[in-house]
Amino acid sequence: MRGRVPRIGHSCILPGAAMFNYNFRWNQALNSLPQMLEGALVTMEIAILSMAIGIAVAILLTLFRLSGNRLLGAISATWVEIARNTPALFQIYMVHFGLGGFGVHLSPYLSLLIGIAFNNAGYLAENFRGALKAIPETQTRAARSLGMSPLQAFKNVVMPQMLRISFLPMTNQMVWAILMTSLGAVVAMNTDLYGVTSELNARTFRTFELFALAAVIFYVITKVITLSAGLLAARLFRY
Amino acid sequence: MKTTLFTAGVLAAAALALPAQADKLDDIIASGTLRCAVVLDFPPMGSRDANNTPIGFDVDYCNDLATALGVTAEIVETTFPERIPALMSGSVDIAVASTSDTLERAKTVGFSIPYYAFENAVVAREGIEMATWEDMKGKVVGATAGTYEAIWLEGKVKEWGEGEFRPYQNQADVFLALSQGQLDATVATVEVSEANVKSGNFPGIKIVDKAPMVPDYVALITLREEYGLINYMNLFINQQVRTGRYAELYKKWVGEGAPADLTVQGVYR
C-alpha cells in the first residue's frame, strides 16, 4: 500500500465484518456448505484409498529391498528417490499429462489417486526402512530357527512390529495425503473439496468466505482422521 | 466561552488541515503507477514474447490507461482465479483480465462498461465425429477453470445429464489435454481457438462450430466502491472506441475484420 492515505470510514474493528476492502457475507458461503461437504467426502475417500494403496505398495517395496535381488532393489530405490525428491504436484501432473502423452488416459480422479498413492508409497517405504532398523535381526533368525520361511518370518514377526513403530509417521503421511488432494486442480479434478470450492469461487467471487470455510473443513477432516487413527492404533497394537 | 471558542478554532483548523478523502483514482495518480492484473497465458489478450515481456491486447489496454492517467503501468501476472484476491488485498489497482461481467460477480467487484466481447468456438480433436456444438453431449469436454465458457459448458453437461466436464487450470493445459485425446472437445474464445489451431503447438485439433451463447462481454474491474475510478475507466473505454484505438488494437492482436460491437440494441447501459 505504498503512499496510501489510510482511509476513514472503512471499519476494520469488528472481526469478520470487514477485511481490507472486503465485506464478509457468510450466508452466501454457508448456502454452498452442502456442496462443499460432498466434496469433503470425495477428499476423504481419495486420501483413505491412496493410503491403503500406499501402504500395500510400500510393504512390497520394502520386501524388494530386503530380497537381495539387484533389480528389485533398484526398482525400490528409484521409486523412493522420485517420490521423495520431486514435488507431489509434479507427480500428479505427470500421471495425467505424462502418461497422456503415451496415450494412457486416466480420469482426473484416477490421476489424483495414483499420484498421491505413488507419493505415499515412497515416503512410507522410507518410514518402514527406519522402523526395520529398530527391530533386532535376531528376531528374524529366531523365527527362522522355529521353521518359518523368510516370508513367514517377515509377515508374522517383523511386519507387525514394523507397522507399530512406524504408526506415527504413517498418520503424518495420512494428513499429508488429505492436504495433497487439493493438488487435483492441476489435473482438472472438480469433485473434491478444493475443486468444489474453486468452482464456487469462479462463479461468485466470494473468495475469502469460501476458502476460509474450506480451510475449516480440511482442519476438521485431518483432526477426525488422526483421532480415529489413534483409536485404531490403541485397538490394533495392544500387547 | 473563551475555551469553547478556542476549541472550536482548533477543530476548524484541524478540519482544514486534514486532506480531503483520497480515493483510488487519487492514489494511482499520486503514486505514479497503475498496477494491472493481467492473465498472461491467454493469447492474444495476454501472453509473453520471446524476451519474456508481457504482450497482448490487455497489456496494451493497461498501458493506454496508464498513459491517459499520466502514470507508468505495472503488469502483474495473475491467473483467472487469483484476480479477486489480488484486487482485494491491494496488490493491484485494477484487473485488465477479460473478466466477464456477470451479475453474480458484480455483487463483489466493480465493473466498468464492456471493453471487449468474445464469441466462443467449439474445438474438437480430429478423431472425433462432431458436426455441431450439440454433438458435445455425452462426450468428455473441458475448459479453463473459472472462465465464462467453463461455467456455461459445465451447466450444459449438467443439463444433458451425460458426459463429463473437466476444468483445467489454464488454457495451455486444456489444449494439451485435447491434443493428447484426453478431452473430446472444448469451448474457448474464437480468438484463442484460432491462435492455437494456427500455432501448430497442439496438433490434431479442429474448430467445429460456434458455441451458441450470449457474447461474452468482458469489462475492467476494480473495487466495488471506487466510483471515481470506475467512471474514469468508462470514459477511457468510450475514448478507445471513439479514437479508433480499439479497432487498431483489434487489428494488431486479433486480425482483420471489425471488432465486436460493445453496445446492446434496445437498452441503456
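Being a predicted model, the structure only gives us computed values, none of them experimental.

**Thoughts on the sheet that holds strand 9 (residues 164–168) of chain B**
All names here are of chain B.
Alright, step 1. Read from one edge to the other, the open sheet built from 5 strands follows the order 9-8-10-7-11, with strand pairing classed as mixed. Here the strands that pair on one side only, and so sit at the sheet edges, are strand 9 and strand 11 (205–210). Each strand axis lies, on average, 30° off the axis of its neighbour in the sheet, ignoring direction.
Alright, step 2. Where strand 8 (residues 140–144) and strand 9 come together, 5 bridges link them in parallel fashion.

**Re the packing of helix 2 (residues 33–67) of chain A against helix 5 (residues 108–133) of chain A**
Residue and element names in this part refer to chain A.
Alright, step 1. Their axes nearest at 7 Å, the elements helix 2 and helix 5 cross at an angle of 45°. With respect to their mutual orientation, helix 2 and helix 5 come out oblique. Crossing handedness for the pair helix 2 and helix 5: right-handed. Taken together, the residues of helix 5 that come into contact with helix 2 (itself represented by Ile46, Leu49, Ser50, Met51, Ile53, Gly54, Ile55, Val57, Ala58, Leu61, Thr62 and Arg65) are Leu112, Leu113, Ile116, Ala117, Asn120, Ala121, Leu124, Ala125, Phe128 and Arg129.
Alright, step 2. Among the residues forming the contact of helix 2 with helix 5, the class breakdown is 16 nonpolar, 4 polar and 2 charged.

**Details of the interface of chain A and chain B**
Alright, step 1. At the junction of the two partners, chain A supplies 28 residues and chain B supplies 30 residues.
Alright, step 2. For the side of chain A that touches chain B, the secondary-structure elements that each account for two or more residues are helix 4 (88–101) and helix 9 (193–204) of chain A.
Alright, step 3. When its residues are assigned to classes, the side of chain A that touches chain B shows 12 nonpolar, 10 polar and 6 charged.

**Some remarks on the confidence of the model for chain B**
Residue and element names in this part refer to chain B.
Alright, step 1. This prediction gives chain B a mean pLDDT of 90; 92% of its residues lie at or above 70.
Alright, step 2. Least confident of the elements in chain B is helix 1 (residues 2–17), whose mean pLDDT is 61; most confident is helix 3 (residues 57–69), at 97.
Alright, step 3. Our summary of model confidence lists the complex with pTM equal to 0.82 and ipTM equal to 0.78.

**A word on the domain arrangement of chain B**
All names here are of chain B.
Alright, step 1. Assigned domains of chain B: these are domain 1 (22–118 + 216–253) and domain 2 (120–210).
Alright, step 2. In this structure, domain 1 and domain 2 have C-alpha centres spaced 27 Å apart.
Alright, step 3. Listed per partner, the contact involves 10 residues of domain 1 and 14 residues of domain 2.
Alright, step 4. Residues of the side of domain 1 that touches domain 2, tallied by class, amount to 6 nonpolar, 2 polar and 2 charged.

**Side note on unusual backbone geometry**
Alright, step 1. A cis amide bond links Pro43 of chain B with the next residue in sequence, Pro44 of chain B, at an omega value of 5°.
Alright, step 2. Within the secondary structure layout, Pro44 of chain B lies in the loop between strand 1 (33–39) and strand 2 (47–48).
Alright, step 3. Phi angles above zero are rare outside glycine, and Ala188 of chain A is one such case at about 65°.
Alright, step 4. Tracing the backbone shows Ala188 of chain A in the loop between helix 8 (167–180) and helix 9.
Alright, step 5. In the Ramachandran plot, Asn52 of chain B falls in the positive-phi region, its phi being about 70° despite a non-glycine side chain.
Alright, step 6. Among the structural elements, Asn52 of chain B can be located in the loop between strand 2 and strand 3 (54–55).
Alright, step 7. Looking at Asn52 of chain B, the number of C-beta atoms within 10 Å reads 7, which means it is exposed.

**Thoughts on the nonpolar core**
One broad trend across soluble globular proteins is that nonpolar side chains are buried collectively.
Alright, step 1. Judged by nonpolar contacts, the single largest core of 123 residues is most densely connected at Cys36, Val38, Cys62, Leu87, Ala95, Val96 and Val122 of chain B.
Alright, step 2. Considering every element that reaches this core, the biggest residue donor is helix 5 of chain A, with 12 residues.
Alright, step 3. Here this core gathers at least three residues from each of two domains, domain 1 (22–118 + 216–253) and domain 2 (120–210) of chain B.
Alright, step 4. Residues within four places of Leu87 of chain B in sequence aside, it is in contact with Ala37, Val92, Ala95, Val109, Ile221, Thr222 and Leu223 of chain B.

**Structural notes on helix 8 (residues 190–199) of chain B**
All names here are of chain B.
Alright, step 1. Among all positions of helix 8, only Glu191, Val192, Ser193, Ala195 and Asn196 are buried.
Alright, step 2. Summarising the contacts, the buried residues of helix 8 are in contact with strand 6 (109–118), strand 7 (120–125), helix 7 (171–180), strand 10 (185–189) and strand 11.
Alright, step 3. With its phi angle positive at about 75°, Gly200 sits one or two positions after the end of helix 8.

**Quick notes on the environment of Ile114 of chain A**
Alright, step 1. Within the fold, Ile114 of chain A resides in helix 5.
Alright, step 2. Among the residues examined, Ile114 of chain A registers 18 C-beta atoms within 10 Å and is labelled partly exposed.

How each quantity is defined
Residues numbered from 1 in each chain as written. Chains lettered and ligands numbered in written order. Predicted model: local features only at pLDDT ≥ 70, side-chain atom pairs only at ≥ 80, totals over all residues. Pairing = 2+ DSSP bridges. Helix = DSSP H or I, 4+ residues; strand = E, 2+ residues; numbered from the N terminus. Axes fitted to C-alpha atoms, helices over the stretch in contact; angles between N-to-C directions. Parallel < 35°, antiparallel > 145°, perpendicular 65-115°, else oblique. Left-handed = near helix turned anticlockwise from the far one by under 90°. Contact = placed C-beta atoms within 7 Å. Nonpolar A, V, L, I, M, F, W, Y, C, P; charged D, E, K, R; others polar. pLDDT = per-residue confidence, 0-100. Domains from an automatic or database assignment. Buried ≥ 20, exposed ≤ 12 C-beta atoms within 10 Å, placed from the backbone. Core = buried A, V, L, I, M, F, W, Y, C linked by C-beta atoms within 7 Å.

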